[in-house]
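Here is how the chains run, residue by residue.
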Amino acid sequence: MIYKDDFINWLSKEIGKAYYNGSKTEIITFCPWCEGSANKKHGHLYISMKDPVFYCQRCGEKGII
């Protein structure tokens, strides 16, 4: 894993909610590009735990962290 628990705690504080997927291979959080509303139930931005990349399943935004 390339991230530590401090990173997921920081995401939770800054973006609102961040959690590991079931197998802890990705962090799931809210996308800052497409999920700006207050009615957030679950995130669509997936951050890989093995590679420094992210991908939003809703808007398609992707990149390297």
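Residues numbered from 1 in each chain as written. Predicted model: local features only at pLDDT ≥ 70, side-chain atom pairs only at ≥ 80, totals over all residues. Heavy atoms only, no water.

Explain the overall build of the chain to me, please; I cannot follow it from the model alone.
Regarding its fold elements, the chain presents 1 helix and 5 strands. Ordering the α and β elements of the chain from the N terminus gives α-β-β-β-β-β. Within the chain, the fraction of its 65 residues that count as buried is 31%. Within the structure as shown, the chain displays about 4,500 Å² of accessible surface, and the carbon and sulfur contribution to it stands at 51%. (Helix = DSSP H or I, 4+ residues; strand = E, 2+ residues; numbered from the N terminus. Buried < 20%, exposed > 50% of the residue type's maximum accessible area, 1.4 Å probe, protein only. Areas by Shrake-Rupley, 256 points an atom, 1.4 Å probe, with all protein chains shown as cover.)

What is the right way to look at the sheet that holds strand β1 (residues 18-20) in this model?
Backbone-to-backbone hydrogen bonds pair the strands of a sheet. The strands run either parallel or antiparallel. Spatially, β1-β2-β3-β4-β5 is the arrangement adopted by the 5 strands of the open sheet, whose pairing is antiparallel. With partners counted over all chains shown, the strands left at the sheet margins are β1 and β5 (62-64), one partner each. Direction aside, the axes of adjacent strands within the sheet are offset by 20 degrees on average. Docked against the sheet, helix α1 (residues 5-15) engages β1, β2 (26-29) and β3 (45-48), running at close to 145 degrees with respect to β1. (Pairing = 2+ DSSP bridges. Axes fitted to C-alpha atoms, helices over the stretch in contact; angles between N-to-C directions. Contact = heavy atoms within 4.5 Å.)

Would you mind showing me how to read the pairing of strand β4 (residues 53-56) here?
Along a regular strand, successive side chains alternate from one face of the sheet to the other. Burial along β4 is one-sided: the face carrying F54 and C56 is buried and the face carrying V53 and Y55 is not. For β3 and β4, the ladder comprises 3 bridges, and the chain directions are antiparallel. Each residue of the ladder has a partner; that of L45, found in β4, is C56. Here β3 folds back onto β4 in antiparallel fashion, the turn holding 4 residues. The loop that links β4 with its antiparallel partner β5 comprises 5 residues; one of these, G60, has a positive phi angle of about 85 degrees.

Hey, could you run me through the environment of F7 in this one?
With respect to the helices, strands and loops of the structure, F7 is situated in helix α1. Judged by relative accessible area, F7 falls into the partly exposed class, the value being 21%. Along the sequence, F7 and I27 sit 20 residues apart, while their C-alpha atoms lie 9.8 Å from each other. The contact partners of F7, leaving out residues within four places of it in the chain, are I27 and I47.

Which parts of the structure should I look at to understand the state of the cysteines?
Disulfides are covalent bonds that link the sulfur atoms of two cysteine residues. Enumeration according to the criterion identifies 0 disulfides in this entry. For C31, which is in no disulfide, the shortest distance to another cysteine sulfur is to C56 and amounts to 3.7 Å. (Disulfide = S-S within 2.5 Å.)

The values are spatial; any link to function lies outside them.
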